[in-house]
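Spelled out from the first residue to the last, the chains are:
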Amino acid sequence: MNKARPNSVKIAVGCLVVSYGSDSIQTALRINWSDFHPYIVGVFGLLIGWLLVIMIYQRKTWARWLYAGFTAAGLLMLAAHFNNRVNGVTSFLWLLYLILSLTAAIMLFTPTSNDWFKTHGKSA
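Residues numbered from 1 in each chain as written. Predicted model: local features only at pLDDT ≥ 70, side-chain atom pairs only at ≥ 80, totals over all residues. Heavy atoms only, no water.

1. With respect to the packing of aromatic side chains
Applying the stated criterion across every chain, the model contains three aromatic pairs. Taken together, a centroid distance of 6.0 Å and an interplanar angle of 50° make the contact between Y20 and W50 tilted. Here the residue Y20 occupies a position in helix 1 (residues 7-30), and W50 occupies one in helix 2 (residues 40-57), the gap between them amounting to 30 residues. Judged by relative accessible area, W50 falls into the partly exposed class, the value being 27%. Summarising the aromatic geometry, the rings of W65 and F109 are spaced 4.7 Å apart at their centres and angled 70° between planes, so their arrangement reads as edge-to-face. (Phe/Tyr/Trp six-rings, centres within 6.5 Å; stacked < 30°, edge-to-face > 60°. Helix = DSSP H or I, 4+ residues; strand = E, 2+ residues; numbered from the N terminus. Buried < 20%, exposed > 50% of the residue type's maximum accessible area, 1.4 Å probe, protein only.)

2. As for the side chain of T71
Note that T71 resides in helix 3 (residues 61-81). Accessibility expressed as a relative area gives 9% for T71, which makes it buried. Once residues within four sequence positions are removed from consideration, T71 is found in contact with S101, L102 and A105. (Contact = heavy atoms within 4.5 Å.)

3. Some points on the packing of helix 1 against helix 4 (residues 88-108)
Between helix 1 and helix 4, the least distance of the axes is 8 Å, while the angle of their chain directions is 155°. Taken together, helix 1 and helix 4 sit at an angle that is classed as roughly antiparallel. Relative to helix 4, the crossing made by helix 1 is left-handed. Contact residues: S8, I11, A12, C15, L16, V18, S19, S22, D23 and Q26 in helix 1; L93, Y97, L100, T103, A104, M107 and L108 in helix 4. Its residues assigned to classes, the contact of helix 1 with helix 4 shows 11 nonpolar, five polar and one charged. (Axes fitted to C-alpha atoms, helices over the stretch in contact; angles between N-to-C directions. Parallel < 35°, antiparallel > 145°, perpendicular 65-115°, else oblique. Left-handed = near helix turned anticlockwise from the far one by under 90°. Nonpolar A, V, L, I, M, F, W, Y, C, P; charged D, E, K, R; others polar.)

4. So, the side chain of S101
Counting through the fold element by element, S101 comes out in helix 4. Setting aside residues no more than four positions away along its own chain, S101 makes contact with Y67 and T71.

Okay, structure coming up:
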């Protein structure tokens, strides 16, 4: 059975698009294109994030679990981030990413989302 995508998944994907979209724009503006080497890891991380968003949207349950793991790791990195002195804008952006990431992670594991992902696994 091919059930319609639940609102919780739509909200999660929307949060991820806003989060990764704004982070992609920030990264593109920050990159010194004549010396790209220091930015390769960050760009690679963004590409993996976008791949996860696409796979979650395509109903791949492994992608939401992987995203949940990355979110947990991100929370640990956030704790280390606030030990350093940062300006207000950077702190605000980290807080915004945190809220969007946690909202997406929660929405991907609601009962309706779970049912939608499980239904795909049985029909595939």
